[in-house]
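Next come the chains, spelled out residue by residue.
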Amino acid sequence: MNPQIEKLYHIAQQKERRIIGLMSGTSLDGLDIALCRIGNSGQETTLFLENFITIPYNTIFRQHVREIFAKRQIDQQVLCGLHAYIGKIHGAFINQALKQWNVLPSDVDLIASHGQTVYHAPQRLTGQTNFPNSTLQIGDGDHIAHITGILTLSDFRQKHVAAGGEGAPLAAYGDHLLFTAETENRFLLNIGGISNFTFLPKQGSSLKAYATDLGPGNTMMNQFVFEQFGLEMDQNAQIAKKGMVNTALLKALLTTSFLGAEFPKTTGPELFNLAYLKNAQSVSNTSSLTPEDILATLNKFAAQAITDGIKRTSKDLENVHIYVSGGGVHNPLLMKNIREALPSMSVSSFSSLGLNPDVKEACLFALLANETIAGSPSHVQQINDSPAVCMGKISLPY
Ligand SMILES: Nc1ncnc2c1ncn2[C@@H]1O[C@H](COP(=O)(O)OP(=O)(O)OP(=O)(O)O)[C@@H](O)[C@H]1O
Ligand SMILES: CC(=O)N[C@H]1[C@@H]2OC[C@@H](O2)[C@@H](O)[C@@H]1O[C@H](C)C(=O)O
């Protein structure tokens, strides 16, 4: 037997695995690296976070990804090059993190790599049926495995698509196994570039867990401050706080059919981008607003896409608690807008469930890898409208 397959076989039989989860989101801020100890599988899963770091990307990296990110026309040579380049960079970042933590690569069982989403094209976006739902994450797993010497699972979303899904959100799988509560109905809200939630009905409920994207999280605010001020984000909503919400623009932003569509659904910056903003400004005659007013309106838009979605699912429910993760939790105006629209619900940071809100998604991919190696598709069959599959491709280091 190939000794690497034998090693994998042993890893699958261990009671506990040390797995590095990686997440690189649409904000292009950096690579989240979470070193997790994951025990058992399925409902018995335990997760302990040993270490976490976000290694920031440099300007050159961001420029390269922005050349192709969410764009329909691109230079294929850049796409091809980035697939290998991102794999190499992520591998080097892992080695750097392990050195910093004094952990030997031989003491890590697996890496679970999300990669970098460069295009997300469900049929609901393209409106075409000649191609199936599709989504593309780059940063090849073979490079990561080779550079680190660690067995690597990557490209998790393809199996979801193959089995009839849109390739996202995958959060429901981990959220359901780790965070379902006995006594309360939960929304685990993640506000990254795009906002999404996992709805977790309390144990014993006749309702089923599911996850859906909601609309823009930070992405439109980020794109707008980058265009106007060359900034990566509206830090602490400093700019938006100086502006006023324009109701005509807000109404125009809220008119896309995506927001009214049934759950679950997925989206990305392929829809929610500056062209979308320009079009909304044009139809609402608001092209001469100040950047501050536009940003205040985009902030409110992100909040309303989130709270309308939550209201829709929770209207007949009592004892509803919302736990927020992702970078949006650090935007005070966004959080204020969300709380004001949901006065009867408790809205808290994900940290009150015992996990740092910035690390949740990286841990999720570690958990997905654990299920693929040591779990079973039957563990996730209770999630509504999402295929019961194990995800990720396996790369051997040698
Ligand atoms: N202090 C802050 N003030 C305002 N916004 C913030 C702050 N900190 C983080 N953010 C927002 O959060 C974003 C990063 O969030 P996160 O890391 O969850 O996104 P992501 O992983 O790229 O998203 P996704 O996984 O959805 O693609 C930043 O780009 C910024 O918009
Ligand atoms: C295609 C893609 O990369 N989607 C991301 C993105 O970021 C948030 C939202 O859009 C979500 O659908 C998904 O990520 C999370 C981790 C998920 O799959 O649950």
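The chain goes by Anhydro-N-acetylmuramic acid kinase in an unreviewed UniProt entry, where it is assigned to Sphingobacterium phlebotomi. The record held by UniProt for the chain lists under Function (unreviewed entry) the comment "Catalyzes the specific phosphorylation of 1,6-anhydro-N-acetylmuramic acid (anhMurNAc) with the simultaneous cleavage of the 1,6-anhydro ring, generating MurNAc-6-P. Is required for the utilization of anhMurNAc either imported from the medium or derived from its own cell wall murein, and thus plays a role in cell wall recycling."

### Thoughts on the site of ligand 2
Around ligand 2 lies a shell of 14 residues, among which Thr117, Arg157, Leu170, Ala171 and Asp213 are the nearest. In the model, an oxygen atom of ligand 2 is placed 2.7 Å from a nitrogen or oxygen of the Arg157 side chain. Between ligand 2 and the protein, one listed contact pairs an oxygen atom with a side-chain N or O atom of Asp213 at 2.7 Å. Here ligand 2 has 430 Å² of accessible area as a free molecule, and 96% of this is covered by the chains.

### So, the sheet that holds strand β9 (residues 210-216)
Across the sheet, which stays open at both edges, the 5 strands sit in the order β9-β8-β7-β10-β11 with mixed pairing between neighbours. Whereas interior strands pair on both sides, the edge strands pair on one side only; in this sheet they are β9 and β11 (346-349). Each strand of the sheet is rotated relative to its neighbour by a mean of 25 degrees, with strand direction disregarded. By the bridge criterion, 6 bridges tie strand β7 (residues 185-191) to strand β8 (residues 194-200) in an arrangement that is antiparallel. Looking at β8, one finds that Phe187 is bridged to Phe199. With respect to the sheet, helix α12 (residues 291-314) is in contact with β7, β8, β9 and β10 (320-325), its orientation differing from that of β9 by roughly 150 degrees.

### Some words on the packing of aromatic side chains
A full pass over the atoms with the stated rule returns 15 aromatic pairs. For the pair Phe61 and Tyr85, a centre-to-centre distance of 6.2 Å together with 25 degrees between the ring planes defines the contact as stacked. Of this pair, Phe61 sits in helix α2 (residues 59-68) while Tyr85 sits in helix α3 (residues 76-101), and the two are 24 residues apart along the sequence. You can call Phe61 buried: its relative accessible area is 1%. Judged by its relative accessible area of 30%, Tyr85 is partly exposed. When the ring of Phe187 is compared with that of Phe197, the centres are 4.9 Å apart and the planes differ by 85 degrees; the resulting orientation is edge-to-face. You can see Phe187 sitting in strand β7 and its partner Phe197 sitting in strand β8, a full 10 residues away along the chain. Overall, the relative accessible area of 0% leaves Phe187 in the buried class. Pairwise contacts between aromatic rings join Phe187, Phe197, Phe199, Tyr210 and Phe263 into one cluster. Seen from the ring of Phe258, Lys265 lies directly overhead, with NZ or CZ sitting 4.7 Å from the centre. Of note, Arg312 hangs over the ring of Phe263, and the distance from its end group to the ring centre comes to 4.3 Å.

### Structural notes on the UniProt feature "binding site: ATP" (unreviewed entry) in the chain
Feature annotation in UniProt places "binding site: ATP" (unreviewed entry) on Gly25, Thr26, Ser27, Leu28, Asp29, Gly30, Leu31 and Asp32, given in this structure's numbering. Residues from the annotated list that form part of the lining of the second largest pocket: Thr26, Ser27 and Leu28. Among the structural elements, Gly25 can be located in the loop between β1 (16-24) and β2 (30-39). Look at Gly25 and you get partly exposed, because its relative accessible area is 23%. Considering the arrangement of structural elements, one finds Leu31 in strand β2. Those residues within four positions of Leu31 in sequence are excluded, and the remaining contacts are Leu22, Met23, Ser24, Ile53, Thr54, Ile55, Tyr57, His90 and Phe93.

### Describing the site of ligand 1
The full set close to ligand 1 counts 21 residues, and Thr26, Ser27, Asn222, Asn236 and Gly327 are the nearest of them. Gly327 places a polar main-chain atom, nitrogen or oxygen, 2.8 Å from an oxygen atom of ligand 1. When isolated, ligand 1 has an accessible area of 650 Å², and the protein chains bury 88% of it.

What counts, and at which threshold
- Residues numbered from 1 in each chain as written.
- Chains lettered and ligands numbered in written order.
- Predicted model: local features only at pLDDT ≥ 70, side-chain atom pairs only at ≥ 80, totals over all residues.
- Heavy atoms only, no water.
- UniProt positions renumbered as here; feature names shortened; annotations may be inferred.
- Near = heavy atom within 4 Å.
- Polar contact = N/O pair within 3.5 Å; in protein donor to acceptor, adjacent residues only side chain to side chain.
- Areas by Shrake-Rupley, 256 points an atom, 1.4 Å probe, with all protein chains shown as cover.
- Pairing = 2+ DSSP bridges.
- Helix = DSSP H or I, 4+ residues; strand = E, 2+ residues; numbered from the N terminus.
- Axes fitted to C-alpha atoms, helices over the stretch in contact; angles between N-to-C directions.
- Contact = heavy atoms within 4.5 Å.
- Phe/Tyr/Trp six-rings, centres within 6.5 Å; stacked < 30°, edge-to-face > 60°.
- Buried < 20%, exposed > 50% of the residue type's maximum accessible area, 1.4 Å probe, protein only.
- Lys NZ or Arg CZ within 6 Å of the ring centre and 35° of its normal.
- 1 Å grid on protein atoms, 1.4 Å probe; cavity = no way out; pocket = protein on both sides within 12 Å on 5 of 7 lines; lining within 4 Å.

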